[in-house]
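# Examining the three-dimensional arrangement
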Amino acid sequence: MSGRLLAQKFVVISLGIALLATSGASFYKSRRLKEPVVLGPGVTTVRPLSTWFAPLRGTANDCNVYFLDGRTPGATMLVLGGSHPEEPAGRLVTWILAENAIVQKGRLIVVLSTNRSATTVTRLGGAYPPDFSIPTDFGSRTFRMGDRFTNPLDQWPDPEVYFHYPSGQQLAYVDIRNVNRVWPGRANGTLTEQTAYALMEMIKREKVDIELDLHEAELQYPVISTIVTHQRGQDMATLVSMTLTDSEFKIGTEFSPRTLHGLSHREIGDFSPAVSLLAETPEPFLDATRGITSREQLLTGRDEFVVKAGQHGLLFEKIDEKGWPIAVRVGRHTSTLLQIAETWGEDHPDKLLVISGVPRYKEVIANGVGHYLHDPAKAAGRVVYE
Ligand SMILES: [Zn+2]
């Protein structure tokens, strides 16, 4: 072998090792990035999910469950953030609840990292940023970006075909790592199935009346800017949509198909007494036709390529140069949640859910999401990590 060839090989191998080391360090760092939660005045206890299903203990998905007990009894509502962590508005709403909400009547149960493993990785090959920061009144707070699917480091390999349990319906193989395709879960199943199973156990034992799963969707996806509801929630969801559309922003209602399995709005309602609902906001960051996949794009929701797709009639939601800023998306979810509590109360005067301290749509837009995040440095003894 000539000296020149040897030198070329050496250069290529060195570049490969350098790439491996720098990207490996970045993956390691983002998987372990600590996300503080400043416990608000309404949080009464925080318990690990393994409380309701011991085999989850010590796994990546033994997430925190925040209880906000009201001053007087009433209805119990469960709010799920981070079913799909790459849809950050939902997670940020649960942060706002944990750090600000006070329950006057009834009880709130909040999960910030429903699929915690999925918060530790981004979409493979998607070139998504590993994290993003929200400006606050005291500086900024940084969050893991996350993916739609459980991290393959925690659950691998995927099967050739995935049969949903217990329906037996065949779903996309990769959805075995999608917590919103494995409900109601399986005690002896994969990590993702066990996560849904543990949450189902909690829903039943804690007697949850209303469950709301917070999501975001690409504009090319038809289920967007809407509340998807189980048949037992149809009247309530329709009234919530009408009220919000009249007073704050346009939002629709869709009925959960009875034969499409694995989704929270179908299975939680079928396998527990809870009314199950799912809310979607627009997130251009997920669109296949998006431009630069940057932290800024995630927060502003501005993208000229997605606007172009809209001009060609390819979208199910409007978008212009103003984009879909994170405050708009978070505010849609907080108002939807508060409106659900109010509408529920009109139908159940003997079992109310009264929440205060949570900003509605216009307040989130006026003050910014970060205004509702508090300084961990000034909250000694009241900080937990996701
Ligand atoms: Zn989603």
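Structure first, text after, so check above.
This section reports on the structure supplied with the text.

## Focus: the packing of helix 4 (residues 234–247) against helix 8 (residues 326–347)
As a packed pair, helix 4 and helix 8 sit with axes 9 Å apart at the nearest point and diverge in direction by 125°. If you check the angle between helix 4 and helix 8, you find them oblique. You can see that helix 4 and helix 8 cross each other, and the crossing is right-handed. On the side of helix 4, the interface is formed by Met 236, Leu 239, Val 240, Thr 243 and Leu 244, while helix 8 contributes Ser 335, Thr 336, Gln 339, Ile 340, Thr 343, Trp 344 and Glu 346.

## Let's talk about the coordination of the zinc ion
For the zinc ion, every protein donor is listed as His 84 (ND1), Glu 87 (OE), Glu 87 (OE) and His 215 (ND1), and the spread of their distances is 2.1 to 2.4 Å. Note that the zinc ion binds 4 donor atoms; their angles at the metal cover 56 to 148°, and the shape is irregular. Along the chain, the residues donating to the zinc ion are arranged with the sequence spacing H-x2-E-x127-H. The exposure class of Glu 87 is buried, given its relative accessible area of 2%.

## Observations concerning helix 7 (residues 304–311)
Taken together, the buried positions of helix 7 are occupied by Val 306, Val 307 and Ala 309. Across the axial projection of helix 7, the buried residues extend over an arc of 155°, all falling on one side. Helix 7 presents Glu 304 and Gln 311 as exposed residues on the side facing more than 90 degrees away from its buried surface. Capping of helix 7 at its N-terminal end is provided by Asp 303; its side-chain oxygen lies 2.8 Å from the backbone amide nitrogen of Phe 305. Positive backbone phi, at 70°, marks Gly 313, one or two positions downstream of helix 7.

Reading the values: rules and limits
- Residues numbered from 1 in each chain as written.
- Predicted model: local features only at pLDDT ≥ 70, side-chain atom pairs only at ≥ 80, totals over all residues.
- Heavy atoms only, no water.
- Axes fitted to C-alpha atoms, helices over the stretch in contact; angles between N-to-C directions.
- Helix = DSSP H or I, 4+ residues; strand = E, 2+ residues; numbered from the N terminus.
- Parallel < 35°, antiparallel > 145°, perpendicular 65-115°, else oblique.
- Left-handed = near helix turned anticlockwise from the far one by under 90°.
- Contact = heavy atoms within 4.5 Å.
- Donors = N, O, S within 2.8 Å, 3.2 Å for Na, K, Ca; no water.
- Tetrahedral: all angles 85-135°; square planar, octahedral: opposite > 155°, others 65-115°.
- Buried < 20%, exposed > 50% of the residue type's maximum accessible area, 1.4 Å probe, protein only.
- Arc of directions from axis to C-beta.
- Polar contact = N/O pair within 3.5 Å; in protein donor to acceptor, adjacent residues only side chain to side chain.

By themselves these figures say nothing about function.
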